[in-house]
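# Architecture at a glance
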Amino acid sequence: MMTEPLFDSAEFRQVCGHFPTGVTAVTAVATDGAVAALTVNSFTSVSLTPPKVLFCVATSSSSFRVLMESQRIAIHILSQEQEDVARRFATSGLTGPEKLGGVAWVPGPDGVPLLPATPAVLAGRRDEVITSGDHVIVLLDIDHVHLKPSRVPALSFYRGRFVAPNADIAE
Ligand SMILES: Cc1cc2nc3c(=O)[nH]c(=O)nc-3n(C[C@H](O)[C@H](O)[C@H](O)COP(=O)(O)O)c2cc1C
C-alpha cells in the first residue's frame with residue numbers, strides 16, 4: 001500500500017526541476033490525419049538495438065488522443081534558437097493546427113509535421129504505452145533520424161526556466 005507523501009505536487013515538481021534536461025518538440029499525426037504538437041522534456045533514449053526512445057505525456061493533455069491514435073510521432077531536439085517553438089508548443093488551449101500555425105514545418109512521412117530548423121530529429125511508430133499515475137510512458141520504435149550540422153547549443157530547462165548551456169561546440 002502507498003503511504004501518503006509528506007510533500008505537495010508543487011514541491012515535487014520543484015525538486016524534479018533541479019534535474020537539468022534538454023527540450024524536445026513532439027509532433028504526431030493520427031490515422032484520421034489530426035496533428036498534435038507539444039513540448040516535452042521527459043525524452044530518454046532506451047535501446048540501441050533495436051532503436052527505441054520514450055517520453056511521458058499527461059493523460060490530461062489535449063494532445064493525448066492524437067498520440068494514442070498516432071501512426072507516426074516525431075521528436076525534435078530543440079536548439080537555443082527555438083525557444084519560441086518550445087514556448088508555443090507548451091501553451092495549453094491551442095489545438096495541434098493552431099499551435100503549428102506560428103512555426104515553420106513541412107509534412108514528413110505519413111504527414112507528421114517536421115520542423116526543418118531542428119538540429120536533431122527522430123521519428124517512428126508508437127510501441128508500448130505504459131500507464132503510470134496521471135501520465136503514460138510512450139515507447140517509440142525509431143525508423144528515421146536526421147542531423148543538421150549546427151554550432152548552436154541545445155535548449156535546456158532547469159528549475160522551471162529555459163536556460164542556455166555555456167557550451168562551445170564544433171559543427
Ligand atoms: C520545458 C517543458 C517540458 C515539458 N515536458 C512535458 C512532458 O514531458 N510531458 C507532458 O505531458 N507535458 C510536458 N510539458 C507540458 C506541455 O508541453 C504542455 O502541457 C502543452 O500545453 C501540452 O499541450 P496540450 O496539452 O495542449 O496538447 C512541458 C512543458 C515545458 C515548458
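Throughout, a residue's number is its position along its own chain's written sequence, starting from 1. Reporting of local features is limited, given that this is a predicted model, to residues whose pLDDT is at least 70; pairs of side-chain atoms are given and counted only at 80 or more, and all residues count toward the totals for whole chains, interfaces and linings. In computing side-chain values, all of the structure's heavy atoms are included and hydrogens and water are not.

## Some details on the site of the ligand
Here a residue counts as near a molecule or strand whenever at least one of its heavy atoms sits within 4 Å of it. Taken together, the neighbourhood of the ligand is formed by 17 residues, with Thr39, Ser42, Ser62, Ser63 and Lys99 sitting nearest. Interatomic distance of 2.9 Å between a backbone N/O atom of alanine 58 and an oxygen atom of the ligand. For this analysis, a polar contact is any N or O atom pair within 3.5 Å, provided that within protein one partner can donate a hydrogen and the other can accept it, and provided that sequence-adjacent residues contribute only side-chain to side-chain pairs. Note that an oxygen atom of the ligand is positioned 2.2 Å from one of the side-chain N or O atoms of serine 63. Computed with a 1.4 Å probe, the accessible areas rest on the Shrake-Rupley method; for each residue, only the protein chains presented here act as cover. Against a free-state accessible area of 630 Å², the protein chains account for coverage of 83% of the ligand.

## Things to note about the pattern of salt bridges
Each salt bridge in this description consists of a side-chain nitrogen of Lys or Arg and a carboxyl oxygen of Asp or Glu lying within 4 Å of one another. Scanning the model with the defined rule gives 8 salt bridges in all. Taking the shortest distance from any N to any O, the salt bridge between arginine 87 and glutamate 83 comes out at 2.9 Å. With arginine 87 and glutamate 83 both in helix H3 (residues 83–89) and 4 residues apart, the pair spans about one turn of that helix. Classification of glutamate 83 as partly exposed rests on a relative accessible area of 28%. Among the salt bridges present, the one from arginine 125 reaches aspartate 110, with a minimum N-O distance of 3.2 Å. Placement of the pair is arginine 125 in strand S9 (residues 120–132) and aspartate 110 in the loop between strand S7 (106–107) and strand S8 (113–114), with a sequence separation of 15 residues. Partly exposed residues are those whose accessible area sits between 20% and 50% of the maximum for their type, while under 20% is buried and over 50% is exposed, using a 1.4 Å probe and protein chains only. What makes aspartate 110 partly exposed here is its relative accessible area of 38%. Several salt bridges converge on common partners, so that one network encompasses Arg72, Asp110, Arg125 and Asp143. Secondary structure elements follow DSSP: runs of H or I of four or more residues count as helices, runs of E of two or more count as strands, with numbering from the N terminus.

## Concerning the pairing of strand S4 (residues 44–47)
When DSSP locates at least two bridges between a pair of strands, those strands are taken to pair. Here S4 runs beside strand S5 (residues 52–58); their pairing, made up of 3 bridges, is antiparallel. Residue serine 47 lies in a different strand from S5, and its bridge partner there is lysine 52. Between S4 and S5, which follow one another and run antiparallel, lie 4 residues.

## Examining the side chain of lysine 52
Among the secondary structure elements, lysine 52 is positioned in strand S5. Only 2.8 Å separates the side chain of lysine 52 from the side chain of aspartate 127, close enough to count as a polar contact. Within the structure, the side chain of lysine 52 is placed 2.7 Å from the side chain of aspartate 141, a separation counted as a polar contact. Any two residues having at least one pair of non-hydrogen atoms within 4.5 Å are treated as being in contact. Excluding residues that lie within four positions of it along the chain, lysine 52 makes contacts with Ser45, Val46, Ser47, Asp127, Leu140 and Asp141.

## Examining the sheet that holds strand S12 (residues 161–163)
Pairing is antiparallel in the open sheet, where 3 strands are placed in the order S1-S11-S12. Among the strands making up the open sheet, the edge pair consists of strand S1 (21–22) and S12. Both strand S11 (residues 156–158) and S12 contribute to a ladder of 3 bridges, which runs antiparallel. Considered in S12, the bridge of tyrosine 158 is made with arginine 161.

Shape descriptors only; they carry no functional weight alone.
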